[in-house]
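Per-entry structural report
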Amino acid sequence: MVKITLISLLLPIKIASIIFNPLSETRKETGGICTSSPISFCYNFFEIKNQKVRPALKIISKGDILISEVLFNPRTGGVDFVEIYNNSGHDIDLRELQLANANTAGEPANTKNVSAAKLMIAPGSYWVITTNQANIKLNYQVKFPNQFAQISSLPAFNNDKGSVILLSNNQVLDRLNYNAKIHHPLIQDEDGISLERVSFSLDSNEPGNFRSAAATVGFATPTYKNSQEKSGNENYARLLSKTFSPDGDRFEDVITLEYQLDQPASLATVNIYSDKGQLVKRLLKNQTIGTNGNLTWDGLDEQGQKAAIGIYIILFDVFDLNGNTKRFKNTCVLAGKLN
């Protein structure tokens, strides 16, 4: 009885000493903290502060990083590039990645490290691997200029066909077997036009999953979302505003038409007519377009002269190689001061 009484008296004292003495020896366990003492017990209403927890090492798995875009046939004076996309939910160090082509047996060859220094790629971001980022920035629109990994040399990617292989520790993460015939058949000159991935949920070599980058974005989209990437199931072409006044006051000086298409690799013709049916301006003529984007009209006609005040009709005609056509009609008003 005496022993039990002493233990029962000492237990509250021990608990109090742990609560008020930050130097008490404790160990953290799942669901609470346990004392290391002759009388061991756990409590779950305290947290050890200032304790450094080392994050678990993220192992790069197949599907975490995917090939997003490839330029294998640059214009004269241009350079190749490979764009990759972080399809995972965590940061990935580009030091862990390698880029290769394929030998005659189809196996990875001429492997190059993507980065010698620590370079983290965030989830959902696009990074470009090339030998000359300045050249890419000169020839294409680049929305995120810091998302480049420049290396001394790339594996050779032939202009007619080849393979782009992405690896990590000799494990193949993704592979694209490309062919120049993948390009849109109505494109006459393929130089400087990249191939873009349509869907990250489909295999790289699924037929139709890589398409020619749209003319409306400058034939490549390094560091940002692909022009041919699927955007939604709805088709539309609509004006952001019905009225504009191109008078140079920086307020509604242009009219903007935004569009979305449910299919990639479409072509479009966009014409603007007066209310009397006269052609005033051609915005596009049988050009490849992306799955979404914006077109603007500054109020100038085909001769570069300011169009008259009045009502205008914008016809957006889109078609694909299967013969499917869509027409969107919008009406706007060009406003201005009357003399």
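Here's a quick rundown of the structure. (Residues numbered from 1 in each chain as written. Predicted model: local features only at pLDDT ≥ 70, side-chain atom pairs only at ≥ 80, totals over all residues. Heavy atoms only, no water.)

This brings us to the overall build of the protein chain. Scanning the protein chain from N- to C-terminus turns up 2 helices and 23 strands. Residue burial in the protein chain is summarised as follows: out of 339 residues, 43% are buried. Pairs at least 24 apart in sequence give 58% of the contacts found in the protein chain among residues at least 6 apart. Put simply, the protein chain shows about 19300 Å² of open surface, and 50% of that area lies on carbon and sulfur atoms. (Helix = DSSP H or I, 4+ residues; strand = E, 2+ residues; numbered from the N terminus. Buried < 20%, exposed > 50% of the residue type's maximum accessible area, 1.4 Å probe, protein only. Contact = heavy atoms within 4.5 Å. Areas by Shrake-Rupley, 256 points an atom, 1.4 Å probe, with all protein chains shown as cover.)

What follows concerns the sheet that holds strand β19 (residues 266–274). What the 5 strands build is an open sheet, ordered β17-β23-β22-β19-β20; its pairing is mixed. The open sheet has two free edges, formed respectively by β17 (243–244) and β20 (279–289), since each of these has just one partner strand. Inspection of the sheet shows strand β22 (residues 310–319) paired to strand β23 (residues 325–334) by 10 bridges, in the antiparallel sense. If you follow Leu315 over to β23, its bridge partner there is Lys329. (Pairing = 2+ DSSP bridges.)

This next bit is on the nonpolar core. The tendency in soluble globular proteins is for nonpolar side chains to be buried as a group. Ile65, Ile84, Leu94, Leu97, Leu99, Ile129 and Val164 are the most contacted members of the largest nonpolar core, which totals 26 residues. Elements with a minimum of two residues in this core: β4 (65–71), β5 (81–86), β10 (126–130), β12 (161–168) and β13 (171–179). The contact partners of Leu99, leaving out residues within four places of it in the chain, are Val82, Asn110, Thr111, Lys112, Val114, Ile129, Leu154, Pro155, Phe157, Val164, Ile165 and Leu166. Leu257, Val270, Ile289 and Cys332 belong to the second-largest nonpolar core, a separate cluster that totals 23 residues. (Core = buried A, V, L, I, M, F, W, Y, C linked by side-chain atoms within 4.5 Å.)

The tally for this structure, following the rule as stated, stands at 5 salt bridges. For Arg95, the salt bridge goes to Asp93, with nearest N and O atoms at 2.8 Å. Residue class for Arg95 comes out partly exposed when judged on its relative accessible area of 38%. One salt bridge in this structure joins Arg238 and Glu258, with 2.8 Å as the shortest N-O distance. Here Arg238 is found in strand β16 (residues 236–239), whereas its partner Glu258 is found in strand β18 (residues 255–260), with 20 residues between them in sequence. (Salt bridge = Lys/Arg side-chain N within 4 Å of Asp/Glu carboxyl O.)

This brings us to the pairing of β12. The element β12 is largely enclosed, with a buried count of 6 among its 8 residues. Pairing between strand β7 (residues 98–102) and β12: 3 bridges, direction antiparallel. When the bridges of β12 are listed, Leu99 appears paired with Leu166. With 8 bridges joining them, β12 and β13 adopt antiparallel strand pairing. When the bridges of β13 are listed, Leu166 appears paired with Asp174. Between the end of β12 and the start of β13, which pair antiparallel, lie 2 residues, with Asn169 showing a positive phi angle near 50 degrees.

Below, the discussion takes up the packing of aromatic side chains. Under the counting rule described, the total for this entry stands at 9 aromatic pairs. Between Tyr85 and Tyr126, the aromatic rings sit 4.8 Å apart at their centres with planes inclined by 45 degrees, giving tilted as the arrangement. Residue Tyr85 is found in strand β5, and its partner Tyr126 is found in strand β10; the two are separated by 41 residues along the sequence. The residue whose ring lies beneath Arg238 is Tyr236, and the NZ or CZ to ring-centre distance is 3.7 Å. (Phe/Tyr/Trp six-rings, centres within 6.5 Å; stacked < 30°, edge-to-face > 60°. Lys NZ or Arg CZ within 6 Å of the ring centre and 35° of its normal.)

Our focus in this paragraph is the side chain of Asn226. Of note, Asn226 is situated in the loop between β15 (210–212) and β16. A relative accessible area of 3% places Asn226 in the buried class. In terms of polar contacts, Asn226 uses its side chain to reach the side chain of Ser68, at 3.1 Å. Within the structure, the side chain of Asn226 is placed 3.1 Å from the backbone oxygen of Arg197, a separation counted as a polar contact. Those residues in contact with Asn226, other than ones at most four positions away along the chain, are Ser68, Glu69, Glu83, Tyr126, Glu196, Arg197, Phe200 and Thr221. (Polar contact = N/O pair within 3.5 Å; in protein donor to acceptor, adjacent residues only side chain to side chain.)

Our focus in this paragraph is the sheet that holds β4. Through backbone hydrogen bonds, the strands of a sheet pair up, either in parallel or in antiparallel fashion. One open sheet accounts for 6 strands, arranged β11-β10-β5-β4-β14-β15; its pairing is mixed. Of all strands in the sheet, those bounded by a partner on one side alone are β11 (148–150) and β15. Ignoring which end each strand starts from, the neighbouring axes of this sheet average 25 degrees apart. Sheet topology places β10 next to β11; 3 bridges connect them, and they run parallel. Counted as the bridge partner of Ile129 is Ala149 from β11. (Axes fitted to C-alpha atoms, helices over the stretch in contact; angles between N-to-C directions.)

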